[in-house]
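Geometric and topological summary
The residues making up each chain are set out below.
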Amino acid sequence: MSAIRAARVTTVLVKKAEAVALIGFESSGKSSLFNLLTQFGSSDERNFRGSTVFCRQYLLSDNHIHLVDTPGINLHADSETTKLALDRLADSDSVLMVIKATNALEEWRALSSLLHEDNNLAAIILTFPDKVIYGLSELISILKEASGREVVAVNARYPEEDSRSLILETIQSNHQIARPKLHHSTNYPLENVMVDKPPITILEHKVWGPLLASFSLIVLFALPVWLAWHLSNYIQPAVDSYIIAPLKTGFGTFPPFIYESLFGSYGLLTLGIYSFIWAFPVVLLIALSVALTEDSGLKERITVALDIPLRRIGLNGKDLIPILSGYGCNVVAVHQSRSCSRCTRGACVSMITFGSACSYQIGASLSIFNASQHPWLFAPYILLLFLASALHTKFWYPSFNNEMSPYFSERTWLQWPKIKALKAGLKNSVLQFIKQAMPIFLIICILSSTLDYFGFTAWCSYHLSPLLKNISLPGEVMPGIVFSFFRKDGLMVLNQDSGHLLQSLGPVQTLLLVWLSSTLVPCLVTVFTIAKEFSVRMAFTLLFRQITSSVLSSSILIIYLQMRA
């Protein structure tokens, strides 16, 4: 038996997986290559810089390879993602260098200088070979001579059938022959090589570029919200008539507590279905808009165009990527901020929590404005949110060097989005909504209906109403404000009784209610994420600053509206 065990242990040691790290600059195609080798499809593939903020790992058991996709390296930035990539470089058994054919020799010189003697360069993967007009073979020969390694040209976005097997065979054959030392210098003339370059568009114009980028952002996010509002407004009456009403009749003989839990003011079916109708279309359509801008390369062009204007409020174009991600989910955006400079990351996260209205918050705001019969309030609300978040960021984070050189030096390619990439983006957002957001909101519905049944909601509203009396809000809205601290769509509990409470509020009261609920504090999950990403102290500091800005902006809003009344 001991001999058998020893043989098993020996087998395990022999077949120990080799850690192979994919190393390259931002937008070099590492994530596409990782998806190709692991056969993941397009789950995490994006056409903008810094899309990978974690080290993704996957065990290719048949080939005994532990593949690691690292974040893109940016030598001109002090981001957490660059540090993470360099740390992983030192811990890997071998390295698969990913460089773009359009900038191959420059990237080779920069990346090879990062390799230590202990780093075993397995091979070089040359991406975007389709952008080389002619001279690809000469480029491959130069890199082979400089590295002494195999160079494989792969169009990871549209790979050939044998691309995956060719790369894996190259990695496995790396240890079979001795490898010469690397030659970092590549002073070879490229007389017979011509590469294509991304075209210049109006977005690169100094004056019209920022204006067009701003207009594009408004359209890309306003259009999905407008469509979602019309869709929800069309569906809701049909659901009330053909689903809710028959269910109420069928469950009419049930015990009072069960009936109230299902169909009461905070009922699981009445309020739960109503919330789904107003939240899901927003989540779906914004996810589609984000996926379109990312995979087409438009998102990257917009961030570059808005780099200089954003510096006036303490940010830069790089920070715009997580800020835009925040309109999908603030937690994802906080993680995405890892690609930001350490100088601006705090300001970026602060603006995300204050001004990036996530798709759940947008859906909740739409439903509140619609139920109060003031749907037109959504436009001024979003405008005020943007202006206030810009002032909030500028006030709390004033020390930013506007003379710092731009992060972006190379244009990204504009391309037609792939259907697979769009499906993957929608799938991730829908699954997150179904598995995370909706269950939590249904729990809030159950908790609210239970508290309401036993009179706690009325007691709470009565005793806390003095806090809201000074700003002309009834105490009955306090549950919505409180639940919005846990999740921004918790505000939708105020849709109780088909919105009768909201219909008693005027436009100023409704706007103030939504404003306080959305800006007073970030949702609880976002706060926990910030504490984990930074520190507990950072989370409390951000909370204090946001509460201060929210109360101050609310006071200014009240005074202004009272003066106009």
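Refer to the preceding data block for the structure.
First, a word on scope: everything that follows refers to the structure included in this document. (Residues numbered from 1 in each chain as written. Predicted model: local features only at pLDDT ≥ 70, side-chain atom pairs only at ≥ 80, totals over all residues. Heavy atoms only, no water.)

Here we come to the nonpolar core. Residues Ile362, Val477, Leu494 and Leu513 are the most contacted members of the largest nonpolar core, which totals 92 residues. Of all the elements, helix 9 (residues 270-296) adds the most residues to this core, at 10 residues. Apart from the residues lying within four places of it in its own chain, the contact partners of Leu494 are Ile368, Glu476, Val477, Gly480, Leu501, Leu502 and Leu513. (Core = buried A, V, L, I, M, F, W, Y, C linked by side-chain atoms within 4.5 Å. Buried < 20%, exposed > 50% of the residue type's maximum accessible area, 1.4 Å probe, protein only. Helix = DSSP H or I, 4+ residues; strand = E, 2+ residues; numbered from the N terminus. Contact = heavy atoms within 4.5 Å.)

A separate point is the packing of aromatic side chains. This structure, assessed with the given rule, holds 15 aromatic pairs. Ring geometry for Phe221 against Tyr327: centres 5.1 Å apart, planes inclined by 40 degrees, an arrangement best described as tilted. Here Tyr327 lies in the loop between helix 12 (317-325) and helix 13 (330-336) and Phe221 lies in helix 7 (residues 208-250), a separation of 106 residues in the sequence. Note on Phe251 and Phe254: the rings are 4.8 Å apart at their centroids and 45 degrees apart in plane angle, and the pair reads as tilted. With relative accessibility at 25%, the residue Phe251 sits in the partly exposed group. Residue classification places Phe254 among the partly exposed residues on the basis of a relative accessible area of 38%. A cation over a ring is seen here: Arg545 above Tyr397, with NZ or CZ 5.1 Å from the ring centre. (Phe/Tyr/Trp six-rings, centres within 6.5 Å; stacked < 30°, edge-to-face > 60°. Lys NZ or Arg CZ within 6 Å of the ring centre and 35° of its normal.)

Time to look at a negative patch on the surface. Together, Glu160, Glu161, Asp162 and Glu169 make up a negatively charged patch on the protein surface. As for its position among the elements, Asp162 is in the loop between strand 7 (151-153) and helix 6 (163-172). Of the residues examined, Asp162 reaches a relative accessible area of 43% and is grouped as partly exposed. (Patch = residues over 30% accessible without salt bridge, like charges linked within 9 Å, V, L, I, M, F, W, Y side chains within 5 Å. Areas by Shrake-Rupley, 256 points an atom, 1.4 Å probe, with all protein chains shown as cover. Salt bridge = Lys/Arg side-chain N within 4 Å of Asp/Glu carboxyl O. Lys, Arg positive; Asp, Glu negative; His and termini not counted. Charge placed at Lys NZ, Arg CZ, Asp CG, Glu CD.)

Moving on: the sheet that holds strand 2 (residues 56-60). The 6 strands are arranged 2-3-1-4-5-7 in an open sheet whose pairing can be described as mixed. If you trace the sheet from one side to the other, it starts and ends with strand 2 and strand 7, each paired once. Taken over all neighbouring pairs, the strand axes of this sheet differ in orientation by 25 degrees on average, direction set aside. Relative to strand 4 (residues 94-100), strand 1 (residues 18-23) runs parallel, the two being bridged by 4 bridges. Across the sheet, Ala21 pairs through a bridge with Val95, a residue of strand 4. (Pairing = 2+ DSSP bridges. Axes fitted to C-alpha atoms, helices over the stretch in contact; angles between N-to-C directions.)

Next up on the list: a nonpolar patch on the surface. Among the surface-exposed residues, Phe215, Val219, Leu223, Trp226 and Leu227 lie close enough to one another that they form a single nonpolar patch of about 490 Å² accessible area. Checked against the element boundaries, Phe215 lands in helix 7.

Here Phe128, not a glycine, exhibits a phi torsion of approximately 55 degrees, which is positive. In this fold, Phe128 is placed in the loop between strand 5 (120-127) and strand 6 (132-134). By relative accessible area, which is 25% here, Phe128 ends up partly exposed.

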